Amino acid sequence: MTFKPLFSLSYITLSLTTLSLTAVPLTVSAAENSDNIERIETTSSRIAGNENNVGYIVSSITEDTLDLLSFQHIQESLNYIAGAGVQRGNGQEYLPALRSPVLTGAGACGGILAAEDGIPLRAAGFCNINELFEAHGEMAQHIDVIKGPASALYGSNAIHGVINVVTPDTTRGGGVVGFDYGSYGFHRVKLRQGKDFGDSGIGINASITRDTGYRNDEGVDQEKVNIRHRADFNNVSITSGVTYTNLDQETAGYITGFESYKDKQVAQSNPNPEAFRKARSLRIWSKVDWLFDNNSALSITPYVRDQSMDFRMHFLPGKPLEQNAQEGVGVLTQYNYIMSPSLNIDVGLDAEYTQGELIQSQDSETVGSAFLVETVPQGKHYDYNVDATLLAPFFAVNLQQGAWDISIGGRFESMRYDYTNNMNVGRLTEDGSECGFGGCRYSRPESGKNDFDNFSPKLSMQYALSDTTRFYGGIAKGYRAPQATELYRLQRAQQVTDLDAVDATNIEVGIRGELADGSYVLSLYSLEKDNVIYRDSDFFNVSNGETWHRGVELTFNYAINSRLRIDFAGSYSAHTYEHDQLSGEVNIKGNDMDTAPDWLTNTRLQYSLTDAIETQLEWQHVASYFTDPENANEYEGHNLFHARASYAVSDNMTLYARINNLLDETYAERADFTSFTGARYFPGRPRNFMLSATFTM
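Summary of the structure given here.

Parameters and conventions
- Residues numbered from 1 in each chain as written.
- Predicted model: local features only at pLDDT ≥ 70, side-chain atom pairs only at ≥ 80, totals over all residues.
- Heavy atoms only, no water.
- Helix = DSSP H or I, 4+ residues; strand = E, 2+ residues; numbered from the N terminus.
- Rg over C-alpha atoms; globule rule 2.2 N^0.38 Å.
- Buried < 20%, exposed > 50% of the residue type's maximum accessible area, 1.4 Å probe, protein only.
- Contact = heavy atoms within 4.5 Å.
- Disulfide = S-S within 2.5 Å.
- Phe/Tyr/Trp six-rings, centres within 6.5 Å; stacked < 30°, edge-to-face > 60°.
- Lys NZ or Arg CZ within 6 Å of the ring centre and 35° of its normal.
- Pairing = 2+ DSSP bridges.
- Patch = residues over 30% accessible without salt bridge, like charges linked within 9 Å, V, L, I, M, F, W, Y side chains within 5 Å.
- Areas by Shrake-Rupley, 256 points an atom, 1.4 Å probe, with all protein chains shown as cover.
- Salt bridge = Lys/Arg side-chain N within 4 Å of Asp/Glu carboxyl O.
- Core = buried A, V, L, I, M, F, W, Y, C linked by side-chain atoms within 4.5 Å.

Quick notes on the overall build of the chain
And step 1. Along the chain, the regular secondary structure elements total 6 helices and 39 strands.
And step 2. Its C-alpha atoms give the chain a radius of gyration of 25 Å, within 12% of the compact-globule value 26 Å for 697 residues.
And step 3. By its C-alpha atoms, the chain is 70 × 55 × 55 Å across when sized along the principal axes.
And step 4. Across the 697 residues in the chain, those meeting the buried criterion constitute 60%.
And step 5. The long-range share in the chain, meaning contacts at least 24 apart out of those at least 6 apart in sequence, stands at 68%.

The structure is reproduced here in structure tokens:
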């Protein structure tokens, strides 16, 4: 159906959820015990325990919820966040959506910033659409989500929000051993162990996953480990960490044909048995926290990243191999100065230097039409290096006066790219010869430099109606610099790009509060994006797109009685194209963006049979959505039900049982449409099971 505008709020941007660097908690403890509520966390500030200021509203998925879920893919947990519509791909792949349609394309990953322990997983210009598989969500302490522009604190790429995986502090001692065993060859071993020496501590958090998969010739082998060390002094604490991840994945591609996912034999097939992804990541960091006599605080976090990935681009003609890598160093800082009980300021300076490289090559001739064979040649298509330098000071002034909390601030970010092309320039073959039909498909610009400077202002306010109820609102601007892949992987006749940074203005109002037996958050937002980067009908990368995103979100949890509780996260939204662009012969201005269902809801009923036995029934609803910009093709949506139970055998042992897709619904995790393939899908898994056991030490 056609979605009518919920409200018309123009190019002013308002978002409390994204506008401040610290946070004010509510006073009633009920919210702290819920599984999925808006709550205060370190994701909203780099200074732990700072409760003096207005802050981001953070939607958090707690450790207890993650334990009961024991997800095979992080998308399963993000279903619990109002406004999140992440779509699971094959293996550990996914396409993100947060107050947005599902984001696709070369730089789409720049719309949502992914982090672990507050440190972005990738450098600002080198994001990857699947980068959350490099975070240790399987054994997280909690997963936090900030919705709306968060550029004032996180910088580029945080236009639609931030997903932050927070790993446990294993330096405080204790341990856990866990085992998961499920359908289609899924099994996982988990280990957590730490030792607390008082003023210091050390610990490890590790998991090994094996999944042979539902579809033919697919599978996932994945290992992840976090190591953490802590040293406490008089007023200084130093916490250091290492995260290493390794993914070896055999990938299954799209199936094609209208509603082909309803045919179980076709759904289980794999048209791309040659596809794979191998990815490795290493992050090392050390966070130094100083607390001063007047309760002012300083946080400095230097870090190092080293990542590489090889994957078969099975979705392109010729099925080329991409090999990319990046190495970098950076530092995150924040100083909170207490001027008076009602006034404090935050200042900080973030810096980063990254060296990235990419090679795309094809080892055999293209199969297909004469045009494809001639224009997509064998050999290297791209070979380049990019050195990127980022410098970003930020500030916020935070005032608490009576029932009012107000914060005003901003961030200036300067991004510099130094690009080196290691091949010939233009749309030639690797040996310099010309392709027929006007030239080769892939084009390489000359070596050069690109600079992007952006300022992200923000204003946020809260008003306390009572100890348990607050109104909030704010204005924020987000941005993202063009990604390296948008600037330097050109096609057809394009020889140089002239791209601007994507910017977004957001306006948001809402109310949050706590009840005697629960809590709630109701928010309305309107976000307009300018300079949206897309590939036009000439296959040029251009940045003259405009889109509008608006919606209503509700999150609540309520204990109906001592045994029964309900948790709900839902959104009703509209995402539309606002610029003139011909797609085929259709001007898509005013059309719904593709892969943008208006309704997304998640409802969970949890019932305690006894003090030791918990049961849960989950209902996930995804409304119908268009699969092309012309709004000519559509996916019907789906409803999934999942059942879970836990049994605390003793203080040290808990057993879990889960049935996913309880009613054995045939559905698509992702539905898409292209003029080359027609309708295509990633089919969802049929009914499947998982048994788990955890032992605490």
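What follows picks up the thread again.
Things to note about the state of the cysteines
And step 1. Taken as a whole and assessed by the stated rule, the structure comprises 2 disulfides.
And step 2. Each disulfide pairs two cysteine sulfurs, and for Cys 435 the partner residue is Cys 440, the sulfurs being separated by 1.9 Å. Here the S-S torsion is close to 75°, and the disulfide linking Cys 435 with Cys 440 is therefore right-handed.
And step 3. Cys 440 gets classed as buried once you look at its relative accessible area, which sits at 1%.

Points about the packing of aromatic side chains
And step 1. Under the counting rule described, the total for this entry stands at 19 aromatic pairs.
And step 2. A ring pair is formed by Tyr 261 and Tyr 681, whose centres lie 4.9 Å apart and whose planes are at 65°; its orientation type is edge-to-face. One end of the pair, Tyr 261, is in the loop between β14 (255-256) and α4 (264-268); the other, Tyr 681, is in strand β38 (residues 678-683), and 420 residues separate them in sequence. As far as the burial class goes, Tyr 261 and Tyr 681 line up, both buried.
And step 3. Here the aromatic rings of Trp 404 and Tyr 463 are separated by 4.9 Å at their centres, their planes lie at 55°, and the arrangement is tilted. One end of the pair, Trp 404, is in strand β20 (residues 404-421); the other, Tyr 463, is in strand β22 (residues 448-464), and 59 residues separate them in sequence.
And step 4. An aromatic cluster of at least three residues, connected via ring pairs, comprises Tyr 384, Tyr 417, Tyr 419, Phe 452 and Tyr 488.
And step 5. Sitting over the face of the ring of Tyr 254, Arg 680 holds its NZ or CZ atom 4.0 Å from the ring centroid.

As for the sheet that holds strand β37 (residues 668-674)
Each strand in a sheet pairs with another by means of backbone hydrogen bonds, the pair being arranged parallel or else antiparallel.
And step 1. Taken in spatial order, the 3 strands line up as β14-β38-β37 in an open sheet, and their pairing is antiparallel. Each edge of the open sheet carries a strand with a single partner, namely β14 and β37.
And step 2. Sheet analysis places β14 next to β38, joined by 2 bridges and oriented antiparallel. When the bridges of β38 are listed, Ile 255 appears paired with Tyr 681.

As for a nonpolar patch on the surface
And step 1. On the surface, Val 347, Phe 395, Val 397, Ile 408, Phe 412 and Phe 455 cluster together into a nonpolar patch covering about 490 Å² of accessible area.
And step 2. Overall, Val 397 belongs to the partly exposed group, its relative accessible area being 32%.

Concerning the nonpolar core
And step 1. Core analysis: the biggest nonpolar cluster contains 34 residues, and Tyr 384, Val 386, Met 415, Tyr 417 and Tyr 488 have the highest contact counts within it.
And step 2. Elements supplying a minimum of two residues to this core: β16 (297-312), β19 (379-401), β20, α6 (484-488), β25 (502-515) and β26 (518-535).
And step 3. At 6 residues, β19 tops the list of elements feeding residues into this core.
And step 4. When residues no more than four places from it in sequence are discounted, the contact partners of Tyr 488 are Tyr 382, Tyr 384, Val 386, Tyr 417, Tyr 419, Ser 443, Pro 445 and Asn 450.
And step 5. If you look at the next biggest cluster of nonpolar residues, it comprises 30 residues, including Ile 81, Ala 84, Ile 112 and Cys 127.

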